[in-house]
Amino acid sequence: TRTTRPQRLLKAVQDRAIRGNPKSVISVIDHYCRNQEWAMNVGDEKGFILDSVVSELNPQTVLELGTYCGYSAVRIGRLLHSGARLLTLEFNPDYAAVAREVISWAGLENTVQLVEGASGDWIPRLREHFGIHTFDFIFLDHWKEGYLADIKLLEECRLLRKGTVLLADNVVCPGAPDYLEYVRKSPLYDSRYFKSHLEYTKAEDGLEKSVYLG
Ligand SMILES: Cc1ccc(Cc2cc(O)c(O)c(C(=O)NC/C=C/[C@H]3O[C@@H](n4cnc5c(N)ncnc54)[C@H](O)[C@@H]3O)c2)cc1
Ligand SMILES: [Mg+2]
C-alpha cells in the first residue's frame, strides 16, 4: 500500500538529515516540503518568529498541542536549556509514530516527550501524571476549532500563571476566529499578532502571541 505523506517526510529526514543534529532535521523538512511535497509544518518563516519568542522566554516547561510530524517540537526543543522539557500532545497514532522517529533522529528524545491522546483528555491530567505545576510557554497548532476550548480548559485546570506565553499558529489561514476574539477581548490576556505567510507559500498567515496576565 502507498506510503503516507508523514512517512515520506520521515524518509527524507532519515535519508538526508544528520542524526543528532536538530538544525539539519529542520532544514531537510523545510527543503522537502518547499520543493517536493507540502506539509502543514509551521515552516521556516513563521518558525523564525517561533524561535525568537522561545529564545526570549527561555521556558522551562513547554506544552505543544498537535505534534503532527514533530517539526515544531524539534524547532522548540533545540532551543530549550538543560532541565527544560517540552510535552507535545498528538492523538493520531500514525502521526505520533512518525513524530517520535523525527524527534529521536534530532536527538531530542530526552527533552521532548510525546504524549499520545487528545488534548481535551490529557490537559486535566497533566499535573497529577507529569507533576506539572504551570506552563511557561504553550504552542497551539492542532485543529483550529479546538484552540478556544483548550485555552479555556488550561485556565480551568490552573495550568497558566502570570506571564505564561501562548503562541497560536494559523490564526489567519486556516484561521481561528473565535480564539482570536477571545484572547483579544479578554482582560486576562495581552495579545499581539505577528504577520507572516502560510508555510512554503505566499498566502498570508500569522501567529498570535498572548501573555496570560493572571
Ligand atoms: C483550507 C486550508 C487547509 C489547510 C491549510 C494549511 C494548514 C496549515 C497549518 O499550519 C496547519 O496547522 C493546518 C491544520 O489544519 N493543522 C491541524 C493540525 C492537526 C494536528 O494536530 C493533531 N490534533 C488535532 N486535534 C488534536 C487534539 N485535540 N489533541 C491532540 N492532537 C490533535 C492532528 O492529529 C494533527 O497532527 C492547516 C490552510 C487552509
Ligand atoms: Mg499550523
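Draft legend 1. Expanded view of the packing of helix H1 (residues 5-16) against helix H2 (residues 22-35). One can describe the packing of H1 onto H2 by two numbers: an axis separation of 9 Å at closest approach and a directional angle of 130 degrees. Between H1 and H2, the angle falls in the class oblique. Considering only the axes of H1 and H2, their crossing is right-handed. Taken together, the residues of H2 that come into contact with H1 (itself represented by Arg8, Leu9, Ala12, Val13 and Arg16) are Val25, Val28, Ile29, His31, Tyr32 and Cys33. Partitioning the contact of H1 with H2 into residue classes produces eight nonpolar, one polar and two charged.

Draft legend 2. Structural detail: the sheet that holds strand S2 (residues 85-90). The strand order S3-S2-S1-S4-S5-S7-S6 describes an open sheet built from seven strands, whose pairing is mixed. A strand with exactly one partner marks an edge of an open sheet, and here the two such strands are strand S3 (112-116) and strand S6 (189-197). Along the sheet, successive strands turn relative to each other by an average axial angle of 15 degrees, direction set aside. As judged from the four bridges shared by strand S1 (residues 61-65) and strand S4 (residues 137-140), these two strands associate in the parallel manner. Among the inter-strand pairings, Leu65 is bridged to a residue of S4, identified as Leu140. Strands S4, strand S5 (165-168), S6 and strand S7 (204-212) of the sheet are contacted by helix H3 (residues 43-57), whose axis makes an angle of about 145 degrees with S6. Strands S2 and S3 of the sheet are contacted by helix H5 (residues 93-105), whose axis makes an angle of about 170 degrees with S3.

Draft legend 3. Structural context of the confidence of the model for the protein chain. Confidence in the prediction for the protein chain averages 98 pLDDT; 100% of positions are at 70 or higher. The ipTM value of the predicted complex is 0.96, and its pTM value is 0.97.

Draft legend 4. Expanded view of the coordination of the magnesium ion (ligand 2). The coordination sphere of the magnesium ion (ligand 2) contains the protein donors Asp141 (OD), Asp169 (OD) and Asn170 (OD1), at a distance range of 2.0 to 2.2 Å. Mapped onto the sequence, the donors of the magnesium ion (ligand 2) take the spacing D-x27-D-N. One end of the pair, Asp141, is in the loop between S4 and helix H8 (147-156); the other, Asp169, is in the loop between S5 and helix H9 (171-175), and 28 residues separate them in sequence. Of the two residues examined, Asp141 and Asp169, each falls in the buried class.

Draft legend 5. Summary view of the packing of H1 against H5. At their nearest, the axes of H1 and H5 sit 10 Å apart, and the two run at 15 degrees to each other. As judged from the angle between their axes, H1 and H5 are roughly parallel. Crossing angle aside, the handedness with which H1 passes H5 is left-handed. Together, Pro6, Gln7, Leu10, Val13 and Gln14 of H1 and Tyr95, Val98, Glu101, Val102 and Trp105 of H5 make up the contact between the two elements. Residue composition of the contact of H1 with H5, by class: seven nonpolar, two polar and one charged.

Draft legend 6. Quick look at unusual backbone geometry. The linkage connecting Cys173 with the following residue, Pro174, adopts the cis geometry, with an omega of 10 degrees. Position of Pro174 among the secondary structure elements: in helix H9. The phi dihedral of Asn170 falls on the positive side, at around 65 degrees, and the residue is not glycine. Secondary-structure assignment places Asn170 in the loop between S5 and H9. If you check the backbone angles, Tyr200 has positive phi at about 65 degrees while not being a glycine. Note on placement: Tyr200 falls in the loop between S6 and S7.

The rules we used
Residues numbered from 1 in each chain as written. Chains lettered and ligands numbered in written order. Predicted model: local features only at pLDDT ≥ 70, side-chain atom pairs only at ≥ 80, totals over all residues. Heavy atoms only, no water. Axes fitted to C-alpha atoms, helices over the stretch in contact; angles between N-to-C directions. Helix = DSSP H or I, 4+ residues; strand = E, 2+ residues; numbered from the N terminus. Parallel < 35°, antiparallel > 145°, perpendicular 65-115°, else oblique. Left-handed = near helix turned anticlockwise from the far one by under 90°. Contact = heavy atoms within 4.5 Å. Nonpolar A, V, L, I, M, F, W, Y, C, P; charged D, E, K, R; others polar. Pairing = 2+ DSSP bridges. pLDDT = per-residue confidence, 0-100. Donors = N, O, S within 2.8 Å, 3.2 Å for Na, K, Ca; no water. Buried < 20%, exposed > 50% of the residue type's maximum accessible area, 1.4 Å probe, protein only.

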